[in-house]
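One letter stands for each residue in the lines below.
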Amino acid sequence: MIIPKANKLDASQLKEVEAIAADFECSILEIQGRNRCVYAILGDEGREVMFKRIAGLPFISKVDMIESPYKLMDRRSGLSDHRVRVGRSEVGKDEPFIIAGPCTIDPANPNLYLESAHALKEAGVHALRGGVWKPRTNPYSFQGDNDSLSIILQAREETGLPIDIEVMDSEQLKLALDAKVDVLQIGTRNALNYSLLKEIGRATAGSDTAVLLKRGRHVASPNEFIAAAEYLVAEGNPNLMLCPRGTTPQLEGYRNHPDESITPLLKNRTWAPVVVDPSHSVGHADFVPACSLAAIAYGADGLCIESHINPAKGIGDDPKQAIHPDKVKELLAACRQVWKTRYLP
Ligand code: PEP
Ligand code: MN
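Described below are features of the structure shown in this document. (Residues numbered from 1 in each chain as written. Chains lettered and ligands numbered in written order. Predicted model: local features only at pLDDT ≥ 70, side-chain atom pairs only at ≥ 80, totals over all residues. Heavy atoms only, no water.)

1. Side note on the coordination of the manganese ion (ligand 2)
When a metal holds four donors in a tetrahedron, each ideal angle between them is 109.5 degrees; when it holds six in an octahedron, the ideal angles are 90 or 180 degrees.
Part 1 of the reasoning: The manganese ion (ligand 2) binds to the protein through Cys103 (SG), His280 (NE2), Glu306 (OE) and Asp317 (OD); the donor distances cover 2.2 to 2.5 Å.
Part 2 of the reasoning: Of note, the manganese ion (ligand 2) draws all its donor residues from one chain, in the sequence arrangement C-x176-H-x25-E-x10-D. Here Asp317 lies in the loop between strand 14 (302-306) and helix 11 (318-321) and Cys103 lies in the loop between strand 7 (97-101) and helix 3 (110-123), a separation of 214 residues in the sequence. The burial state of Cys103 is the same as that of Asp317; both residues are buried. (Donors = N, O, S within 2.8 Å, 3.2 Å for Na, K, Ca; no water. Helix = DSSP H or I, 4+ residues; strand = E, 2+ residues; numbered from the N terminus. Buried < 20%, exposed > 50% of the residue type's maximum accessible area, 1.4 Å probe, protein only.)

2. Brief notes about helix 1 (residues 11-23)
Part 1 of the reasoning: With 13 residues, helix 1 ought to run about 18 Å at 1.5 Å a step, and its terminal C-alpha atoms sit 19 Å apart, in line with that.
Part 2 of the reasoning: By the burial criterion, the buried members of helix 1 are Gln13, Leu14, Val17, Ile20 and Ala21. Around the axis of helix 1, the buried residues are gathered within 125° of arc, so they sit on the same side. Of the residues in helix 1, the exposed ones pointing more than 90 degrees away from the buried face are Ala11, Ser12, Lys15 and Asp23.
Part 3 of the reasoning: Those residues of helix 1 hidden inside the fold are in contact with strand 1 (2-4), strand 2 (27-32), strand 3 (37-42), helix 2 (48-55) and strand 4 (60-63).
Part 4 of the reasoning: Residue Glu25 follows helix 1 closely and has a positive phi angle near 55°. (Expected span 1.5 Å × (residues − 1). Arc of directions from axis to C-beta. Contact = heavy atoms within 4.5 Å.)

3. What to know about the site of ligand 1
Part 1 of the reasoning: Within the structure, ligand 1 sits among 13 residues, and Arg129, Lys134, Thr188, Lys214 and Arg245 are positioned closest to it.
Part 2 of the reasoning: In the environment of ligand 1, an oxygen atom lies 2.9 Å from a nitrogen or oxygen atom belonging to the side chain of Gln185.
Part 3 of the reasoning: Here Arg245 contributes a side-chain N or O atom positioned 2.7 Å from an oxygen atom of ligand 1.
Part 4 of the reasoning: In isolation ligand 1 offers 290 Å² of accessible surface; the protein chains occlude 98% of this area.
Part 5 of the reasoning: Looking at the shell around ligand 1 residue by residue, the classes come out as two nonpolar, four polar and seven charged. (Near = heavy atom within 4 Å. Polar contact = N/O pair within 3.5 Å; in protein donor to acceptor, adjacent residues only side chain to side chain. Areas by Shrake-Rupley, 256 points an atom, 1.4 Å probe, with all protein chains shown as cover. Nonpolar A, V, L, I, M, F, W, Y, C, P; charged D, E, K, R; others polar.)

So, to be careful, I would describe these as geometric facts and stop short of saying anything about function.
Written as structure tokens, this is what we have:
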């Protein structure tokens, strides 16, 4: 990882660095943070001579030699001071960052989504979620609908809150990018789909678009999870949030095996904010508050919660796991208390 003295290398400086890297069959990837650029060395970079030559250039501040399976995600990397922003919020600063909204937008009842969105704004959340396209286990279940995109865009327009939707393929990605969706969610089923991760990283490189990457549900190890995130960052988008959401096999009585406890591990290994999804983890509205509070106590920067104005009228996961926006408001106040008193290393 190369850190220049100025905020960015100019074209001739970059050429000079690239020429040295090329001598060692390596290439350079520019990673655009919000305020400054850092440069990753791609290839077999375990060559001290190359490091010394680059570090010796007058416009280079330092070259980090990090021995880690994920060079850019490592908290010792040049990205360690990168901050992820969504809308007007810096994720993890001052208070828990809350994304909330229905699991699935019902295109036949747009008002249910819009009412949920307004109530959630009132509750104090920072971003709205809502499934436009849904990954369903059963091919005959509702798969989502392009029309739902205009509903969540309307909600953004009316509330001023940024929006988060899941994309599963190139076509959905294009529609979401054209609509300037603020947060692209990569679901647990695609969490290890490296082609999609690369495509999303490339398509959002250098932009403000954030990515919420869920953890693979088949017990992706913390390092496998972080390595998946590395794909996005290596393509040039460090605006990333890691989202534990429970794994299989399930803990009897819950939807998955709750995994908010990996938060301190993730935060110890990487600089990326952790936003826990308690809804898919425990999978039952009654258990969501406790899981949320536990996640904040474990050091999470935020939560992604399923919430619906009338869960019984919701579709997808909403009838079983969405909580009412009033409950979100109550929970947020409790989370802020835990936030203030939690013990972090
Ligand atoms: C969702 O957020 O509604 C969803 C399908 O999430 P996951 O990919 O974690 O199952
Ligand atoms: Mn869901």
